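Structural overview
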Amino acid sequence: MKGRAGAAPTPYIPNTDADRAAMLARVGLASTEELFKELPTDQRDPLIDLPPSLGDLDLLEHLRTLARRNAAAQERPSFLGAGAYRRSVPAVTGSLAARSEFMTAYTPYQPEISQGTLQSAFEFQSVVCELAGLAVANTGLYDGASATAEACLLAARVTRRSAVALLEPIHAGTVDVVRTYAYGMGLRVDVIGSAAQLTDEHAAVVAQQPDFLGTIRDIEPIAEAAHAVGALCVTVVDPLTLGLLRAPGDAGADIVTGEGRDLAGPVAFGGPSLGLFAAREVYLRQMPGRIVGRTQEQRGARRGDGSEAPPRTGYVLTLQTREQFIRRERATSNFSTGQSLLALAFTITLQALGPQGLREQATLCYQKAHNAAARAAAIPGFAVVERGPWFQEFLLRGPLPAAAVRAALAERGIEAGLDVSDRSEPAAREALLMCVTETTTEREVDALVAALTAIGGATGTGRD
Amino acid sequence: MKGRAGAAPTPYIPNTDADRAAMLARVGLASTEELFKELPTDQRDPLIDLPPSLGDLDLLEHLRTLARRNAAAQERPSFLGAGAYRRSVPAVTGSLAARSEFMTAYTPYQPEISQGTLQSAFEFQSVVCELAGLAVANTGLYDGASATAEACLLAARVTRRSAVALLEPIHAGTVDVVRTYAYGMGLRVDVIGSAAQLTDEHAAVVAQQPDFLGTIRDIEPIAEAAHAVGALCVTVVDPLTLGLLRAPGDAGADIVTGEGRDLAGPVAFGGPSLGLFAAREVYLRQMPGRIVGRTQEQRGARRGDGSEAPPRTGYVLTLQTREQFIRRERATSNFSTGQSLLALAFTITLQALGPQGLREQATLCYQKAHNAAARAAAIPGFAVVERGPWFQEFLLRGPLPAAAVRAALAERGIEAGLDVSDRSEPAAREALLMCVTETTTEREVDALVAALTAIGGATGTGRD
Amino acid sequence: MIERAIGEEDFGARLAFDRGAAGRRAAAVPQWQGRETPLPAAHLLRDSVRLPELSQGELVRYYTALSQRNFGVDTGSYPLGSCSMKYNPKVNDLVASLPGLANAHPAEPEAAQGTLRILLDLQRALGAITGLPHVSLAPAAGAQGELAGILMIRRALEQRGEIDKRRRVLVPDSAHGTNPATAAMAGFTVTQIPTAADGAMDRAALAAELDGSVAAMMVTLPNTLGLWETGIEEVARDLHRVGAFVYGDGANLNAIVGRVRYGDLGIDIAHLNLHKTFSTPHGGGGPGAGPVCASTALAPYLPAPVVAEGSTGTLALHRPGESIGQLQQFHGSVGVLVRAYAYIRTLGLAGLRAVSENADLNANYLRVLLEPHYDLPHPRQGLHEVVFSGSRQRKAGVRAYDIAKRLIDYGLHPPTVYFPLIVDEALMIEPTETESREDIERYAAALVAIAEEAERDPEALEAAPQRTPIGRLDETRAARRPVLRWPGPETKPCGSKGTVERQVQEAAGA
Amino acid sequence: MIERAIGEEDFGARLAFDRGAAGRRAAAVPQWQGRETPLPAAHLLRDSVRLPELSQGELVRYYTALSQRNFGVDTGSYPLGSCSMKYNPKVNDLVASLPGLANAHPAEPEAAQGTLRILLDLQRALGAITGLPHVSLAPAAGAQGELAGILMIRRALEQRGEIDKRRRVLVPDSAHGTNPATAAMAGFTVTQIPTAADGAMDRAALAAELDGSVAAMMVTLPNTLGLWETGIEEVARDLHRVGAFVYGDGANLNAIVGRVRYGDLGIDIAHLNLHKTFSTPHGGGGPGAGPVCASTALAPYLPAPVVAEGSTGTLALHRPGESIGQLQQFHGSVGVLVRAYAYIRTLGLAGLRAVSENADLNANYLRVLLEPHYDLPHPRQGLHEVVFSGSRQRKAGVRAYDIAKRLIDYGLHPPTVYFPLIVDEALMIEPTETESREDIERYAAALVAIAEEAERDPEALEAAPQRTPIGRLDETRAARRPVLRWPGPETKPCGSKGTVERQVQEAAGA
Ligand SMILES: Cc1ncc(COP(=O)(O)O)c(C=O)c1O
Ligand SMILES: Cc1ncc(COP(=O)(O)O)c(C=O)c1O
């Protein structure tokens, strides 16, 4: 792209030289350079080394070339989960969330022309509450891990304690993010192996459900242990599993956080994400993030005959005195721009599925995963580590070290599960955390079984 | 998918058993079977052999698997044109045309709630007129070939003659379609090699621009020859080329037809397509298809103070007495559902390009093609057949028969141009009709040159 | 979304051509960086084309605003009679845009085995559904399907040596305008068959026309009144007896899909509207697809291409032996066909049967809800649509047109009006199966309220619609002094040469 | 598009939850066909979740209608101050959805070399643009970038052994609320620095605060008045002299991109809002991305991950030696980052310089057009935005709030109001470079007309907006008796166990 003399400089900027000349005259400046006259002259107009501009066609070709360098372009069978799950998202989700009125709006400060965003956010809060079994939810936070960190800060505020406990097995990224947030507030982070290790120093216990190695937890005893020491129980969920699993709120959880990204769209290298955050009602005014409430018009519209119509129902941002732009340093969080578009997509997915579809999709995931695990376990040389009831992830151990099995699968064009042999849990020793979701196809499982069989055969474990 | 008892039968049908029961009661029927009671009982409820239904997830997997069987899934370098050109279509085109208000509406019978479709169609007519250099255009026909056939029928109507002449080289598909339409009306179709062959029996001459083998025609002498015998000159255009080439209307063409598909979206195995149709004003009332006109409100809106606002501008379907739904067997055509969505997309592309961008894109196409041709011609054993000025397609002849060169390129993962050796033109003898457009990348041309060099080398033509 | 914003009242007065400014642009086209080849000789070239000059944002806002001035199925109830405006599943759009499908080149069908498989299986499914096993997917829409079908009949008659004496095509007076127009385009003359009081064709009148001059009859099943053509099997037998063919207009298949098959009724050939029965989006007036399904006798004449499986399992495009030829340069509305295929695969037979079941139940439910308020000229149980007459309201000075316009104020798309032509002030309502019971009730309630308004305050209806971006438009003005393009008729047409204009003007005036 | 259709007046009263009927569904989930594994023990399971039951068409209509009740950049002028609501190029959405990018799994970065290349080149570009060469793309939004930056400073001070004495962060009173909130979240106390009459910070007041207890100052450049912080280089020098860091809030980079670099001014670390300067869609309130760009001194503390190139050219995610840690479970808002990368590649340096040039010209043009009609508390040449005060109109009883609401009737999105807090009745207008001259003129004309209305008929403005799907809402009611989810507060919360509620209620009340 190269502008004609006098033309607009880019397709995104309308003004032409003629426009600029007329405007400068009115502003009283001789040139656009004068717009920057207050900037320090020594530092003005630095040489900035950027690659040359690309027209759309070349841009697309450039990015297509880069995209091809990702293994994902080859549509390999994949058994990788570990916090990011390839989910079935209905086609309606993408087409509705992409509507530009949703996509190109911002935080709904003007409710009269933002009911789309606001009413959808209210639907989102409702869906999250139903999933969690809790009474209040916000409109979403950055991701599951930072939502969990915010839950820890909330717990510390309300309990006035300065330690939190994270129950293993838990995603290392969650631990990492909680530590980052805890650092600022001076909280101690204890990573514990059992709820029995909770003490009255702890503001909260954080339990991942299913746990990081895939096992379904019973939340109730954990919540009881927490409550026994005056701590809050925070449960970190994978929302699809709540189509089958008991609502954590019903099991005693005080706060439920989770990652909503994978029901909103593709895994997208892990982001943008969507932090779910629901809590018991008592914590409402301590919650971080934005909250939408239902209300009505100040007064009904004036009708043709001069009478007033009944006021209509609408939605607004509410309880904003918790927030940074009003309360500044005393806010519950510094949260501002969030993840609205993903929250919208998440809501549409859940509402498209409905009660029946959600249950079916969770069941399909469960059944496919268990079928694949059974097939893998039947291969000579391979075993699935027994860790109690599980949902979609299982630990697979083979005749070779986990890294070698992973490499051998990669050679055969298969993306294996995460190598978790560096973890402390004994079950994880030389194991791959294999994930099968509702999107895993029979063809992919067949390919896995064939590859594992070949790997088993090659290492001479033979039939036993 | 399997319905719960009593549930809606598919995601697309809302009514549940409870709904149906209530409705049946009101209608006074005992069961939905009774809705069909007038249908002949012997033939009722036949066994129809259809594959089982698929849930969305399985449907997508099924179609992805099929899509992978197309070579197009592999993103091979391609030099195939011959009537379908891989064009650069701005991203805005797809995102705007996909808006569901455009996509899920139908023919704009109710202008008050169809101004989107109508005003866009008026923009389309305007764009087509400007490209063609003619005064009137319709809202589009099925495709370029059927538009050309309709042009022949129009010419036969207005000249009251019963033969048309198609000037070679012309796309075989165009000839075929004109013959199909001519058959019904009893027109004779002469395929001629030169405009000198026109006689006063001919209602029209049809000239493709650029011609089928890629050469740019001078339309003026053809139009003059046609007019000399009282025939109309119909020019079939590739619209992108009109960013550079003389408007056919200015060169004397009476009707311009063409294929708009490739500026509306992907080639999509050749359809849906978009027939462009523009004509001199005198033919307006003989035109096939729908036409949109500008008008204004019957009366201005009533204001709050009781006064009347000035009437606003709007668009309506007009001159409908030409059409089948009014004139029935005396209509100018049986045309009904057309290609509106493609016309919209075509319009957005052209208006996004603007005068400057259209010229640039046509120039880029021209330059890339000539560069590639020069590189191919420089390869020992290969030659580009000289046929005068050309735009994006050239005839390449190699050391082997065309079919063998094509096969050798296919082996190297390259989709060659069309093998035109079965055509009657001497220039086409053992030649491939190679196409390079603005979307052809340097990488693809490099691959072609390398492959041709290897083919040339292998056949021992060596350096000369 | 802001209603008639201050200062933007006359939105339609400003086209894209009237917006922006010289030098603006919405697309960044790369410059050619290599060696420059000189352009062709100047007499072959032009100066630049007059096109709008807008920034990308201006263009996007303009077309976004235009879209918001449109009503689609996704906006609300759209029971346009004869059009099957059902919900268009989004997953089908997704499927059609898969790059392997969207980028397949039509000139190399052998490299598009995946697409050909879809097309073959769609042919088979449509053959099974219609009982007419030989299918060509080539036609771009219903009308082109009709043309194909009637041309096939013509060719068959030609081969039989009967084309010179069989010059007539019979068409019921309730038929869609494309039927007679098609017959004319195929070179036949049209004989209209009247409709009897029960809404089926007048069998006596038909019998009177049956002789060796008849090439074919075109029947719509169910007919455009939404009624079954009782005795259609005998009609077909009678036509066959005099050596004529029976053409089935399958635009209304939605009423009977999975319930009865055209082939089993004696129909020789039928077209289907995939953009109706098979849920592909109507696109503001297309693209559609109008496949033709033929009996074995007519199969050799099918338009090209037809997909066929070779002995090795390789699929190929095929030209039937006596084909009438191609209808388009390439292979039909493939993007539409892929969507229809996906729809059939999603529903399966049970799903398709649920389509007709619910479409018909909805229409009949609407019928009983409205019967007390509007005249029903053919008071029978119907199928997928119901045609009322606004004649009762007409007496109060309210036309079907006014009723339609008033419906808009209720957020509802009006039905088809003034068609079929045989019904006075026709209101032709086809809800389809994708409307819910509440949707039907809401539509009926609106029409009932309007019927009351028509009695109470007929003049008020003439001011409708009032809640739209624009009011009623002056169609007479549009036709009388046509303005058909920017910048308007004042400017000279861009091209002005030509020598046959006079001659032509005479012919056109004829 | 039909304005407040009859019967649909109270659209907001019916949620998806209130629509449809039991047994309807919008998605077809395949049934598992293989061997069934028993489900886990019943006490781990639930009954079904309460969710809406709608057909797919019902759901689509509902969300389509909702979208139509929203105003976006694609709808019209949206000059929300401090938000850079510029046009969002569609090609960037296309690029981000390329399957190779969209389907890359975060747990296997080595298999995503294409994505890592994009991220690395984006890091480099942002480093070059800011003059702060060490970049982490991890923060999900501006506020998280701020948190990262201040935590980095904290860690640096800790390493210097100074954290115990440096407890204060200085923040101008014009700063965005995230600045003080962030400082608090990072464990610092906040000292507010007042603004001088010229709109820059009060240098004397600042000088009075400068001592060894200061950890850092957060400055916004240009500041939220749209004005240059004259002497910022000296401010930075002064802060450095007392051993404090300078944090740059780069949310307003649009004003100066390509013109001056934060690093060259003495800023130690800054965050950028890619959803502002770099054109990624705001999505109704996110997702965004808020990368942090650091000096070499602070680079070791950057949040993880950072992309780095290995010796073999292989790219990898890297955790800086003294990293404050991760901010998200994975690697940041990658889909947003890809769009920002595409934007930078489309524009190049000249294009970016045109951004600041035109953004600032538009704002200044608007300033001169409006200066006669509205009070300008800081009457200086500004940069990318201009902050008026509605104080003159306030005297007539018209608030900034009313002015904002009335703008809506003109089809225009209101500016930011009541921020910055230091301006009475603030109207903070940021047109951005993607508005045209006519757009600015139209916006100004509307504000001028409103200023006249404010004088003529102040009460009428209180009834605005009138051309919207809904009128002014009762925010007090919303906060006083919160209804925050379906089915409303009457129903019991789904979960009701718990033992610490009392204790907590006390703490919360504190
Ligand atoms: C009964 C009937 N026949 C034929 C047609 C023509 O179909 P198309 O519009 O697809 O050409 C239609 C629809 O318009 C119709 O309703
Ligand atoms: C000046 C300023 N700083 C910081 C922020 C916070 O950025 P974000 O909303 O992305 O968290 C904003 C925007 O909201 C802002 O305008």
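Here, every reference points to the structure presented above.
From a predicted model like this one, the values you see are computed outputs, not experimental measurements. Every chain's residues receive numbers from 1 upward, in the order its sequence appears when written. Chain letters start at A and ligand numbers start at 1, both assigned in the order the entries are written. In keeping with the predicted nature of the model, local features appear solely for residues at pLDDT of at least 70, side-chain atom pairs appear and are counted solely at 80 or more, and the whole-chain, interface and lining totals rest on all residues. Note that water and hydrogens are dropped before the side-chain values are worked out from all heavy atoms of the structure.

On to the pairing of strand 12 (residues 426-429) of chain D, then. Residues and elements named next belong to chain D. The alternating pattern of strand 12 places Ala426 and Met428 and Leu427 and Ile429 on opposite faces, both of which are buried. Looking at chain direction, strand 10 (residues 386-389) and strand 12 are connected through four bridges and run antiparallel. Looking at the pairing, Phe388 lines up with Leu427 of strand 12. Here, strands pair whenever DSSP counts at least two bridges between them. Under the DSSP-based scheme used, a helix requires at least four consecutive residues in state H or I and a strand at least two consecutive residues in state E, with every element numbered from the N terminus. Sheet topology note: the strand 11 (residues 416-417)/strand 12 ladder contains two bridges and is antiparallel. Pairing of Val417 across the sheet is with Leu427, part of strand 12. For every residue, the accessible area (1.4 Å probe, protein chains only) is compared with the maximum for its type, and the residue is labelled buried under 20%, exposed over 50%, or partly exposed between those bounds.

To continue, consider the site of ligand 1. Nearness is judged by heavy atoms alone; a residue qualifies as near a molecule or strand once a single heavy atom is within 4 Å of it. Ligand 1 sits among 15 residues. The nearest are B:Ser336, B:Thr337, C:Ser82, C:Asp249 and C:Lys276. Near ligand 1, the surrounding residues are drawn from chains B and C. C:Lys276 is positioned such that a nitrogen or oxygen atom in its side chain is 3.1 Å from an oxygen atom of ligand 1. Areas reported here follow the Shrake-Rupley algorithm with a probe of radius 1.4 Å; residue values treat only the protein chains shown as occluding. Surface burial for ligand 1 is 99%, taken as the share of its 380 Å² of free accessible area covered by protein chains. Considering each element in turn, the shell around ligand 1 owes the most residues, three residues, to helix 5 (residues 142-159) of chain C. Residue classes follow a fixed rule: Ala, Val, Leu, Ile, Met, Phe, Trp, Tyr, Cys and Pro count as nonpolar, while Asp, Glu, Lys and Arg count as charged, and any other residue, Gly among them, counts as polar. Residues of the shell around ligand 1, tallied by class, amount to four nonpolar, eight polar and three charged. Polar contact is defined as a pair of N or O atoms within 3.5 Å, subject to the rule that within protein one atom must be able to donate a hydrogen and the other to accept it, and that residues adjacent in sequence are counted only when both atoms are side-chain atoms.

What follows covers the site of ligand 2. Neighbouring ligand 2 are 15 residues, the closest being A:Ser336, A:Thr337, D:Ser82, D:Asp249 and D:Lys276. More than a single chain frames ligand 2: its nearby residues are located in chains A and D. Taking 380 Å² as the accessible area of ligand 2 by itself, protein coverage stands at 99%. Looking at the shell around ligand 2 element by element, the count peaks at three residues for helix 5 (residues 142-160) of chain D. Partitioning the shell around ligand 2 into residue classes produces four nonpolar, eight polar and three charged.

Across the contact, 202 residues belong to chain B and 226 residues belong to chain C. When chain B packs against chain C, close to 18200 Å² is buried across both sides, 61% of that on carbon and sulfur atoms. When the buried surface of chain B facing chain C is broken down by residue, B:Tyr12, B:Tyr183 and B:Phe269 rank first, second and third, together holding 6% of it. In the sections that follow, a salt bridge refers to a side-chain nitrogen of Lys or Arg positioned within 4 Å of a carboxyl oxygen of Asp or Glu. The interface formed by chain B and chain C includes 11 salt bridges. Note that C:Arg319 and B:Asp176 form a salt bridge whose closest N and O atoms lie 2.6 Å from each other. With 25 residues, the single largest contributor to the side of chain B that touches chain C is helix 10 (residues 340-377) of chain B. Residue contacts are counted whenever heavy atoms from the two residues lie within 4.5 Å of one another. For any pair of parts, buried area is found by adding up, for both, the accessible area (1.4 Å probe) each one loses once the two are put together.

Right, let's talk about the packing of helix 10 (residues 334-370) of chain C against helix 13 (residues 437-456) of chain C for a bit. All names here are of chain C. The convention used is that axes are lines fitted to C-alpha atoms, helices contributing only their stretch in contact, and that angles between N-to-C directions extend from 0 to 180 degrees. At a closest axis distance of 10 Å, the pairing of helix 10 and helix 13 adopts a crossing angle of 30°. In this view, helix 10 runs roughly parallel relative to helix 13, as classed from their interaxial angle. Viewed along their axes, helix 10 and helix 13 form a crossing whose handedness is right-handed. Facing helix 10, whose interface residues are Asn362, Tyr365, Leu366, Leu369 and Leu370, helix 13 presents Arg437, Ile440, Glu441, Ala444, Leu447 and Val448. Per-class residue counts for the contact of helix 10 with helix 13 are eight nonpolar, one polar and two charged. Angles below 35 degrees are treated as roughly parallel, those above 145 as roughly antiparallel, those between 65 and 115 as roughly perpendicular, and all remaining angles as oblique. Here a crossing is called left-handed whenever its near helix is offset anticlockwise from the far helix by less than a right angle, and right-handed whenever the offset is clockwise.

The quantities given are spatial measurements derived from coordinates; they are silent on function.
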